[in-house]
Amino acid sequence: MITMQGVSYYQLNSSTTNIPAVTATGDFIDGFYGVDGTLEFLIWRLNLVVAGTVNQTTDVSSLITKFKLVIDGEIMYDWVCGIAPDNDSAHAGRFGYFINQIGGRALQVPMAANATSTDMFIAIPVGAVLSGTPRFEITYGFWDANLTLGDSATITSGSSTFWARFNPNTARSTRVLSATSFSHGSGLTEQVVCRVPSMPGGYTLEAVSIQNATDNDDDFGTDGIRVLALSQFSMPISMQRWANNELGNGIMAVAPTLNGGSYAQSTHTKRPGILNIPLYGLRAGDLTMMVSNGTNSDTRLYTPVMTAPLSGVQAQAPVQTAAVVGNTQRSILARTEGDN
């Protein structure tokens, strides 16, 4: 049991087999028991050793096909990727982009394109009070690693490790619900209803993440997207990217092929193929949008993100004098105010 007050870290599980490979892996399931405490973040570390002719073009989160988190039988996250990355894609990984947009922190150690290792940390906001030897079931998979590590690269070893960051000052619980798919017609503006099930405990809608089934193209029409609960008018996609502060260099990821790639993260003003729209704590319920589509007949995934108030468990003995407040709602809203 975690008895420290304030922020603390605990390694939950590590696997040397459930890692990316040069052929698509299918699904892995990591099942393990945790410890008591207020779980602010589940931190996923992916560490790989790469050999052969290496040409890394982006971060390893680009290879994640899905991520499903279940704790004590309750589904906390059910995220799926809309499409595999293009060969030698330089765009930020979709899962990393998504996590950074909703108040998490997905960062990879910068490296050169020919580097023989990768080391990425993905802090996934959860917000859950754990007790009674909690059980974790985590399902995830990977695309073909050669897509972003180099056509002739091989993976010689690695690890997939899950850590917990406990914080009794965590203010909100986060849930990522199953996506609603919609097949769009060419050149049409259509009504999309993103299904949101009934949720207990005061859950509100904080964001909807929209993925296109093309890695490098949004293919929205000129009218963009209208969220009926937020606007009487359609908002162009550039305005949506202003609203979530992507235009303020709000996307950060490694760029191995840029200036040697070894010293700093690279910032961007968009990530084609995926867009996060802040919803400002809308009352929970089905979300209706008018979406203008471009010239292709695209299938998109609409993934809702919800939060609810959470009261963490405080330990008795004071240890830290500064409180870190975990709040996904606040993090998403901060981006709309120009704070990355």
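Residues numbered from 1 in each chain as written. Predicted model: local features only at pLDDT ≥ 70, side-chain atom pairs only at ≥ 80, totals over all residues. Heavy atoms only, no water.

Trainee: Honestly, the overall build of the chain in this entry has me stumped. Any pointers?
Mentor: Helix and strand counts for the chain come out as four helices and 19 strands. Computed over the C-alpha atoms, the radius of gyration of the chain is 20 Å, within 12% of the 20 Å expected from 2.2 N^0.38 for a compact globule of 340 residues. Judged by the C-alpha coordinates and their principal axes, the chain covers about 60 × 50 × 35 Å. Across the 340 residues of the chain, 55% fall into the buried class. Sequence separation of 24 or more characterises 84% of the internal contacts of the chain that already satisfy a separation of 6 or more. (Helix = DSSP H or I, 4+ residues; strand = E, 2+ residues; numbered from the N terminus. Rg over C-alpha atoms; globule rule 2.2 N^0.38 Å. Buried < 20%, exposed > 50% of the residue type's maximum accessible area, 1.4 Å probe, protein only. Contact = heavy atoms within 4.5 Å.)

Trainee: So what exactly am I meant to see when it comes to the sheet that holds strand S6 (residues 105-108) here?
Mentor: What holds strands together in a sheet is hydrogen bonding between their backbones, with the strands either parallel or antiparallel. What the five strands build is an open sheet, ordered S1-S9-S3-S7-S6; its pairing is antiparallel. Since the sheet does not close on itself, it has two edges, and those belong to strand S1 (8-15) and S6, each with one partner. The average angle at which neighbouring strand axes cross in this sheet is 20°, direction not considered. Bridge count between S6 and strand S7 (residues 117-130): four bridges; the pairing is antiparallel. (Pairing = 2+ DSSP bridges. Axes fitted to C-alpha atoms, helices over the stretch in contact; angles between N-to-C directions.)

Trainee: Explanation requested: the pairing of strand S10 (residues 172-176) in the structure shown.
Mentor: Working note: regular strand, side chains alternate between the two faces of the sheet. Of all five residues in S10, five are buried, a share of seventy percent or more. With burial as the criterion, each face of S10 is covered, one bearing Arg172, Thr174 and Val176 and the other bearing Ser173 and Arg175.

Trainee: Got a minute to help me understand the pairing of S7 in this structure?
Mentor: Across the 14 residues of S7, eleven count as buried, placing the element largely inside the fold. Bridge count for strand S3 (residues 37-53) against S7 is twelve bridges, and the pairing is antiparallel. Following the sheet pairing, Leu39 is matched in S7 by Ala128.

Trainee: Explanation requested: the pattern of salt bridges in the structure shown.
Mentor: It is possible for side chains bearing opposite charge to pair when their charged atoms get close. Applying the stated criterion across every chain yields a total of ten salt bridges. With a shortest N-O distance of 2.8 Å, Arg195 and Asp286 are connected by a salt bridge. One end of the pair, Arg195, is in the loop between strand S12 (189-194) and strand S13 (204-212); the other, Asp286, is in the loop between strand S17 (274-283) and strand S18 (287-293), and 91 residues separate them in sequence. Asp286 gets classed as partly exposed once you look at its relative accessible area, which sits at 40%. With a shortest N-O distance of 2.8 Å, Asp218 and Arg241 are connected by a salt bridge. Of this pair, Asp218 sits in the loop between S13 and strand S14 (220-227) while Arg241 is found in helix H3 (residues 237-243), placing the two residues 23 residues apart along the sequence. Of the two residues, Asp218 and Arg241, both sit in the buried class. (Salt bridge = Lys/Arg side-chain N within 4 Å of Asp/Glu carboxyl O.)

Trainee: I'm lost on the sheet that holds S14 in this one. Help?
Mentor: If you walk across this open sheet you meet the three strands as S12-S18-S14, and the pairing is antiparallel. Of all strands in the sheet, those with a lone pairing partner are S12 and S14, marking the two edges. Adjacent strand axes in the sheet meet at a mean angle of 20° when their direction is disregarded. When S14 meets S18, the two strands line up antiparallel, connected through four bridges. Bridge assignment links Val227 to a residue of S18, and that residue is Met289.

Trainee: Whenever I open this one, the packing of aromatic side chains confuses me. Can you help?
Mentor: Aromatic ring pairs are reported here in terms of the distance separating the ring centres and the angle at which the planes meet. A full pass over the atoms with the stated rule returns 15 aromatic pairs. Taking 5.2 Å as the distance between ring centres and 15° as the angle between the ring planes, the aromatic pair formed by Phe32 and Phe136 counts as stacked. Of the two residues, Phe32 sits in strand S2 (residues 26-33) while Phe136 sits in strand S8 (residues 135-142), which places them 104 residues apart along the sequence. The class for Phe32 is buried, based on a relative accessible area of 5%. A relative accessible area of 1% means that Phe136 is categorised as buried. Through a chain of ring-to-ring contacts, the aromatic side chains of Phe28, Phe32, Trp44, Phe67, Tyr77, Trp79, Phe95, Phe98, Phe136, Tyr140, Phe142 and Phe162 assemble into a single cluster. (Phe/Tyr/Trp six-rings, centres within 6.5 Å; stacked < 30°, edge-to-face > 60°.)

Trainee: Sorry, what's going on with unusual backbone geometry here?
Mentor: Outside of glycine, negative phi angles account for most residues, and trans bonds account for most peptide bonds. Unusually for a residue other than glycine, Asp219 sits at a positive phi of about 55°. By secondary structure assignment, the location of Asp219 is in the loop between S13 and S14. The phi dihedral of Asn249 falls on the positive side, at around 55°, and the residue is not glycine. Mapped onto the elements of the fold, Asn249 is located in the loop between H3 and strand S15 (251-253). We classify Asn249 as partly exposed; its relative accessible area is 41%.

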